[in-house]
Amino acid sequence: MTMIINEPLRLYGPAVGLLRKGGSEVRLGNLVLPADIDILIANAALHHDPQLWGDNVHLFKPERFAEGIAKATNYNTTAFCPFGLGPRTCVGTTFAIMEVKIAVSMILQRYTISLSPAYVHAPVSIITVKPQHGIQVILQSLHHDA
Ligand code: HEM
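Everything in this summary refers to the structure shown in the same document. (Residues numbered from 1 in each chain as written. Predicted model: local features only at pLDDT ≥ 70, side-chain atom pairs only at ≥ 80, totals over all residues. Heavy atoms only, no water.)

Another point: the side chain of N6. Structurally, the position occupied by N6 is in helix α1 (residues 2-12). The exposure class assigned to N6 is buried, which follows from its relative accessible area of 8%. With sequence-adjacent residues up to four places away left out, N6 is seen in contact with F65, I69 and F80. (Helix = DSSP H or I, 4+ residues; strand = E, 2+ residues; numbered from the N terminus. Buried < 20%, exposed > 50% of the residue type's maximum accessible area, 1.4 Å probe, protein only. Contact = heavy atoms within 4.5 Å.)

Residues in contact with the ligand amount to 15 residues; listed here are only the nearest, R20, L85, R88, C90 and V91. Of all elements in the fold, only β1 (18-21) and α5 (93-110) reach the threshold of two or more residues within the shell around the ligand. Of the residues in the shell around the ligand, the class split is ten nonpolar, three polar and two charged. (Near = heavy atom within 4 Å. Nonpolar A, V, L, I, M, F, W, Y, C, P; charged D, E, K, R; others polar.)

On to the packing of aromatic side chains, then. Ring pairs (aromatic) are described by centroid distance and by the angle formed between their planes. Applying the stated criterion across every chain, the model contains three aromatic pairs. Each ring, one from W53 and one from F80, has its centre 6.3 Å from the other, and the planes form 75°; the classification is edge-to-face. One end of the pair, W53, is in helix α3 (residues 50-53); the other, F80, is in the loop between α4 (69-72) and α5, and 27 residues separate them in sequence. The exposure class of W53 is buried, given its relative accessible area of 6%. On the basis of relative accessible area, F80 is assigned to the buried category, the value being 9%. By way of ring pairs, the aromatic residues W53, F65 and F80 are connected into one cluster. The positively charged end of R10 is found above the aromatic ring belonging to W53, 5.2 Å away from the centroid. (Phe/Tyr/Trp six-rings, centres within 6.5 Å; stacked < 30°, edge-to-face > 60°. Lys NZ or Arg CZ within 6 Å of the ring centre and 35° of its normal.)

None of the figures reported here should be taken as evidence of function without further support.
Next comes the structure, spelled out in structure tokens:
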């Protein structure tokens, strides 16, 4: 189930950018970042970069994570950072992943899910990324007495 969770986090992760403030002047490759600079790390751009993910970057292909994040990112593991990076990384990462695994498991034990024809694919970023018109699904009970 991890790869089914990772692929939406790559394509539509709630956070599109990570904010940092440079303390003192720092050299980053050819760049010199002045002191006190505000930095936006566009993780959504990293997640949609064909040089990192290949020509099928915009396709939903959970199997790209079948052998883990390192393999999926061609060993550029910082290319996948839906929960941020470093000392300020999301403290809720494990909780959030556990929660979605439990919720999805509970639903799939009881229902099959298919996408409603009413669904319109319209991800929008308003503080976080979300489906603009919601996600309409059709649930079919697996148990006749439910
Ligand atoms: C899919 C769910 C979630 C995503 C994608 C997410 C993503 C993020 C991101 C990108 C950051 C910024 C990290 C950085 O700047 O490097 C962050 C920070 C944070 N998140 Fe989450 N988060 C999620 C769920 C949660 C949950 C469930 C909790 C609490 C139970 C939580 C608590 C926090 C806190 C407290 C911070 C600030 C950490 C700090 O500044 O030291 N998050 N999260």
